[in-house]
Amino acid sequence: MESGGKLWAGRFGNQRSIDPVMERFNSSISYDKRLCYVDILGSKAYATALFKAGLLDQVECADICHGLATIEDEWRSETFRINPSDEDVHSANERRLKELIGSAGGKLHTGRSRNDQVATDLRLWLRQEIDQSLDGFLVQIIQVLIERAQDEMDILLPGYTHLQRAQPIRWSHYLCSYAWSLWSDWQRLMQLRDRVNVMPLGGGALAGNPFPIDRHYLSDLMGFDSITPNSLLGVSDRDFVVEFLSWASILSSHLSRLAEDLIIYSTKEFNFVTIADAYSTGSSLMPQKRNPDGLELIRAKAGRIFGQMAGFSMVLKGLPSAYNKDLQEDKEALFDVVDNLFCTLQVAAGILSTLKVNAEKTLGALSSDMLATDLAYHLVRRGVPFRDAHATVGKIVAKAENQHKDIAALTLEDLQSIRFCIIIYTWQLMLHALVILLRNFSSVFDDPSVTNIWNYEHSVEQYQVTGGTSRRAVQKQIDDLKALLEFRKGSTSTAL
């Protein structure tokens, strides 16, 4: 080990000391030690590449790989001892390797810089987290949503815009809306993975590697899809970190919106859903309280994750070319977001799988005024232009309100009387419209079938187009989502 115990200490001489505060400020091993396993993976591959290039003999390569395997065992058994001089996990592993196998351990760093080493480790680590955890957790939530949508097709509830009751929809349609959002998140994650899985090793400090290292061979050893085409880019690029943090922000915003819906639906005022005890808490003062803390924390994590994305983006925006120590800030932001996403996704899956829906309450929340648009559609089917139909039904709604009646309680005579108001109003605008409206409105309310409009099941079933809320349209969404998950299962097992 170089004087002073630092990899770079030779430049400053044996007598140099560093301010203890600066020592702590500069150190990252307290959090980057979680890169220990991918650092060892990368070092084993690099030793093999050095052997292939003729820079290590067979014995030296074997000793290095054996020593690295011993270090890995020490990390796993929690017997690895971190020294005060270990700035980061990379210097700690190299220091320990030299202790185990002697000076041959110093050859491992031939042509390699911590700049390309840490960039490689971070990509390896993030790829591993995507493949082993994030992918599966995200798909689990989608599967829960699909299964519930299939089982609870008959449940109807109000659909909302502006948080005001708008039109009846199926509960399954609502669940599928979030399943589709999360499926888009999964697609973005897989696209992001392609950009994560690019190897920067071989870029050295910034100029490249002066030795005949086969970077493509090295890339294959570690399972990368490609290599960075420029050494300056390779050591300084953290776009993949920002992109991941941005992706996590989008995902967490979707989960936050879902949490907000369920928080509202779980209140006594709505009582549409009940959150399981396992994901609720009580009050320290009020014994009757049942607080949806799991959902509230999901909602809160979205803000935290977005904050990490914004913060690290500001770190990058003013950096000069190549590696700067500012980039050390990438790890805490990335680790924090991954850790919080893991918990968020697991809690969300648990809440959704144990949620109870009060079908009587959701049905009871429907009201006939939510079918006003259906009445307008009835007029359209009788040949009335939609804008005229909309205006007519607006008059009907006003009439019901003035009479303090439910709109469904209006008689056929009440509906038929509306046409005179419209005709007089239109007569004042243009003469030729009078003839059109007299023809259109003379019989549109004469058909007693208009009273059949006030049926919620009939209302949702009219939305047969792809993406609609009818039974057939929702079933197609469910089938399509299932097919996509099956395709995903096949494609990821092949790729990974």
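Residues numbered from 1 in each chain as written. Predicted model: local features only at pLDDT ≥ 70, side-chain atom pairs only at ≥ 80, totals over all residues. Heavy atoms only, no water.

### Details of the overall build of the protein
The condition that has to hold: Each helix is a run of H or I in the DSSP string that is no shorter than four residues. Each strand is a run of E no shorter than two, and both are numbered from the N terminus. Relative accessibility thresholds used throughout: buried, under 20% of the residue-type maximum; exposed, over 50%; partly exposed, between the two (1.4 Å probe, protein chains only). Under the convention used here, a 1.4 Å probe and the Shrake-Rupley method define accessible areas, while residue burial counts only the protein chains that appear.
Scanning the protein for helices and strands turns up 19 helices and six strands. In the protein, buried positions account for 48% of the 496 residues. In the form shown here, the protein has an accessible surface area of approximately 24000 Å², with 54% of it arising from carbon and sulfur atoms.

### Points about the pattern of salt bridges
Put simply, the rule is: The rule for a salt bridge is simple: a side-chain nitrogen of Lys or Arg has to be within 4 Å of a carboxyl oxygen of Asp or Glu.
A full pass over the atoms with the stated rule returns 29 salt bridges. With a shortest N-O distance of 2.6 Å, D86 and R95 are connected by a salt bridge. Residue classification places D86 among the buried positions, given a relative accessible area of 4%. Under the relative-accessibility criterion, R95 is labelled buried at 7%. Connected via shared salt-bridge partners are E74, D86, R95, R96 and E99.

### Considering the packing of aromatic side chains
By convention here, two paired aromatic rings are described through the distance between centres and the angle between planes. Convention followed: Each Phe, Tyr or Trp ring (for Trp, its six-membered ring) is paired with any other whose centre lies within 6.5 Å, and the angle between the two planes then decides the class: stacked below 30 degrees, edge-to-face above 60, tilted in between.
Applying the stated rule across the entire model yields 14 aromatic pairs. Between Y174 and Y178 the ring centres are 5.5 Å apart and the planes differ by 75 degrees, which places this aromatic pair in the edge-to-face class. Here Y174 pairs with Y178, and both are found in helix α7 (residues 171–196), just four residues apart, close to one helical turn. For the pair Y174 and Y178, a shared accessibility class is recorded, and that class is buried. Every member of this aromatic cluster is reached through a ring pair, and the members are Y160, W171, Y174, Y178, Y265, F270 and F272.

### A short note on the nonpolar core
Which entries qualify depends on this criterion: Throughout this description, the term nonpolar core refers to a set of buried Ala, Val, Leu, Ile, Met, Phe, Trp, Tyr and Cys residues connected via side-chain atoms within 4.5 Å. Only heavy atoms enter the contact rule, under which two residues are in contact if any of them lie within 4.5 Å.
Membership of the largest hydrophobic core comes to 103 residues, with the highest contact counts inside it found for W171, F244 and W247. Those residues in contact with F244, other than ones at most four positions away along the chain, are L126, L134, L189, L192, L334, V337, V338 and L341. Within the second largest apolar cluster, 13 residues are counted, among which are A372, A376, I396 and L410.

### Some points on the side chain of S459
You can see S459 is positioned in helix α18 (residues 456–461). Not counting residues up to four positions away in its chain, the partners in contact with S459 are P168, L371 and D374.

### What to know about unusual backbone geometry
At E78, a position not held by glycine, the phi torsion is positive, near 60 degrees. With respect to the element layout, E78 can be found in the loop between α4 (58–76) and α5 (89–101). Overall, the relative accessible area of 72% leaves E78 in the exposed class.

### Structural notes on the packing of helix α3 (residues 36–52) against α5
Think of two packed helices as two axes; the pair is described by the angle between the axes and how far apart they sit. Operational definition: Only the stretch in contact is used when fitting a helix axis, every axis being a line fitted to C-alpha atoms; angles between N-to-C directions are given from 0 to 180 degrees. Comment on the angle field: the value is read as roughly parallel under 35 degrees, roughly antiparallel over 145, roughly perpendicular from 65 to 115, and oblique elsewhere. The handedness criterion is simple: a crossing whose near helix is rotated anticlockwise from the far helix by less than a right angle is left-handed, and one whose near helix is rotated clockwise is right-handed. Three classes are used: nonpolar for Ala, Val, Leu, Ile, Met, Phe, Trp, Tyr, Cys and Pro, charged for Asp, Glu, Lys and Arg, and polar for all others, with Gly counted as polar.
Relative to each other, α3 and α5 sit at 60 degrees, their axes nearing to 10 Å. Between α3 and α5, the angle falls in the class oblique. Seen from above, α3 lies across α5 with right-handed handedness. Contact residues: C36, D39 and I40 in α3; V89, H90 and N93 in α5. Taken together, the residues that form the contact of α3 with α5 break down as three nonpolar, two polar and one charged.

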